[in-house]
Amino acid sequence: MPSSIDCSLCLMRQSLEAARFATPDAKIHEEVIRKVMNLVLEMGFQTPPPVIGQQVHRTIRALTNNPDPYLKVKQTFNELMFSRIDHFRDLITASSDPFDTAVRLAIAGNAIDFAIRANLEPSDVDTAIEQALSQPINGDVNGLRKNIENASKILYLTDNAGEIVCDRLLIEQMLPKDIVACVRGMPVINDAMIDDARQVGLTEIVPVITNGNDGMGTVLEQCSQEFMAVFHEADLIISKGLGNYETLICYDNIQLPQTVAYLFKAKCSFIAQFSGTQLGDCVIRIKANTKNT
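Residues numbered from 1 in each chain as written. Predicted model: local features only at pLDDT ≥ 70, side-chain atom pairs only at ≥ 80, totals over all residues. Heavy atoms only, no water.

K.L.:
Give me the overall build of the protein chain: which residues, what numbers.
P.N.:
Tallying secondary structure elements over the protein chain gives 13 helices and six strands in all. Seen along its three principal axes, the alpha-carbon backbone of the protein chain occupies a region of about 55 × 45 × 35 Å. The buried share of the protein chain, reckoned over its 293 residues, is 57%. Considering only residue pairs separated by 6 or more positions, the protein chain has 74% of its internal contacts joining residues 24 or more positions apart. Summing over all exposed atoms, the protein chain offers an accessible surface of approximately 12300 Å²; the carbon and sulfur share of this is 51%. (Helix = DSSP H or I, 4+ residues; strand = E, 2+ residues; numbered from the N terminus. Buried < 20%, exposed > 50% of the residue type's maximum accessible area, 1.4 Å probe, protein only. Contact = heavy atoms within 4.5 Å. Areas by Shrake-Rupley, 256 points an atom, 1.4 Å probe, with all protein chains shown as cover.)

K.L.:
Tell me about empty space enclosed by the protein, residues and numbers included.
P.N.:
By the definition in use, this model includes two cavities of 30 Å³ or more. Of the volumes computed, that of the largest cavity is approximately 40 Å³. Lining the largest cavity we find Ala18, His57, Ile60, Arg61, Asp68, Pro69, Tyr70, Pro187, Val188 and Ile189. Of the residues that constitute the lining of the largest cavity, the class distribution is seven nonpolar, one polar and two charged. Considering the residues around the second largest cavity, the lining is formed by Leu157, Thr158, Cys182, Arg184, Asn211, Gly217, Thr218, Phe227 and Asn244. The residue makeup of the lining of the second largest cavity, split by class, is three nonpolar, five polar and one charged. (1 Å grid on protein atoms, 1.4 Å probe; cavity = no way out; pocket = protein on both sides within 12 Å on 5 of 7 lines; lining within 4 Å. Points joined across faces, edges and corners; volume = space filled by probe spheres on them. Nonpolar A, V, L, I, M, F, W, Y, C, P; charged D, E, K, R; others polar.)

K.L.:
How would you sum up the nonpolar core? Please name residues and give values.
P.N.:
With 66 residues, the main nonpolar core has Val103, Leu170 and Leu263 as its most contacted residues. Setting aside its immediate chain neighbours within four residues, Val103 contacts Ile137, Leu144, Leu170, Leu263 and Ile284. (Core = buried A, V, L, I, M, F, W, Y, C linked by side-chain atoms within 4.5 Å.)

K.L.:
If you had to explain the packing of aromatic side chains to someone new, which residues and values would you point to?
P.N.:
Two numbers describe a pair of aromatic rings. These are the distance of the centres and the angle of the planes. What the rule picks out here adds up to eight aromatic pairs. For the pair Phe77 and Phe114, a centre-to-centre distance of 5.6 Å together with 75° between the ring planes defines the contact as edge-to-face. Here Phe114 lies in the loop between helix H6 (98-108) and helix H7 (122-134) and Phe77 lies in helix H4 (residues 71-82), a separation of 37 residues in the sequence. Since its relative accessible area comes to 6%, Phe77 is described here as buried. On the basis of relative accessible area, Phe114 is assigned to the buried category, the value being 2%. Three or more aromatic residues joined by ring pairs make a cluster, and in this case those are Phe21, Tyr70, Phe77 and Phe114. (Phe/Tyr/Trp six-rings, centres within 6.5 Å; stacked < 30°, edge-to-face > 60°.)

K.L.:
Tell me what's going on with the sheet that holds strand S1 (residues 154-157), and back it up with residues and numbers.
P.N.:
What the six strands build is an open sheet, ordered S3-S2-S1-S4-S5-S6; its pairing is mixed. Sheet topology places strand S3 (208-210) and strand S6 (282-288) at the edges, where each strand pairs with a single neighbour. Ignoring strand direction, the axes of neighbouring strands in this sheet form an average angle of 20°. Here strand S5 (residues 259-265) pairs with S6 via seven bridges, running antiparallel. Bridge pairing links Leu263 to Ile284 in S6. Its contacts with the sheet place helix H12 (residues 241-248) against S1, strand S4 (236-240) and S5, and it is angled at close to 140° to S5. (Pairing = 2+ DSSP bridges. Axes fitted to C-alpha atoms, helices over the stretch in contact; angles between N-to-C directions.)

K.L.:
Give me the lowdown on the environment of Gln54, citing residues and values where you can.
P.N.:
Turning to its location among the elements, Gln54 is positioned in helix H3 (residues 49-64). With relative accessibility at 2%, the residue Gln54 sits in the buried group. Taking the C-alpha atoms as reference, Gln54 lies 9.7 Å from Asn213; in sequence the two are 159 residues apart. Not counting chain neighbours up to four residues away, the residues in contact with Gln54 comprise Asn213, Asp214, Gly215, Met216 and Gln222.

K.L.:
Talk me through the side chain of Ser239; I want residue IDs and the actual numbers.
P.N.:
Positionally, Ser239 belongs in strand S4. On the basis of relative accessibility, which here comes to 0%, the residue Ser239 falls in the buried class. Ser239 has contacts with Leu157, Asn244, Tyr245, Leu248, Val260, Ala261, Tyr262 and Leu263, leaving out every residue within four places of it along the chain.

Here you go:
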């Protein structure tokens, strides 16, 4: 996954916002920016943004002495989205193609990303859902459906808190397939963790594991043995969000399971250009790979 100066500038903006989430102390805000600038220069502009971001957020948590700056935001959006789950289920049930609608809602939920926008409001999520239900999907919904039908074991990589309510709805459409969901192992931005999965009832319908680390995505070298065992057993990986896309796309075919389905919203111009989409698109990309046997 190539990087760019634009993504590095985005990380600088994100770092200041995260520091402000963590503490009101302006001196610490300045110290965070200085350290992050040095970190970006040391790691270089060709390093994938999620890899730099992991180090950035470790620095922020250490300097602010706040282990989870986005905790309240995660809880708030979990509560918001879970309070609407019956409404979302009604939309799915009433549609002519419930699976297609569930996919659209899952991708729309990817808008709940405080790495992209720190002043996100519930109305922004409503707009994302309305757009997702009406606009064409950039990708092959039926191809995703067929891969799910043919898979014997599925690993579903979640992304953000709040968004995992929409993931739950899609997973409900996939049952009774053999599915394991995965969340982050440690806090990073507003990415979902095991407590978030419990808060929205995801743990009640499928097994949920963590990846064992605080990466902004899925960096296989950092993942736990438990995660890697499930990862290598899976016939299909469903990868939600930009962080998972930006990290998994770096691996060559022999390192990845047979098929990876990337589901995300193109929320920045760099990702839109790289993935061959338009800004704001709801995207499905399916990459068939050969298992490492």
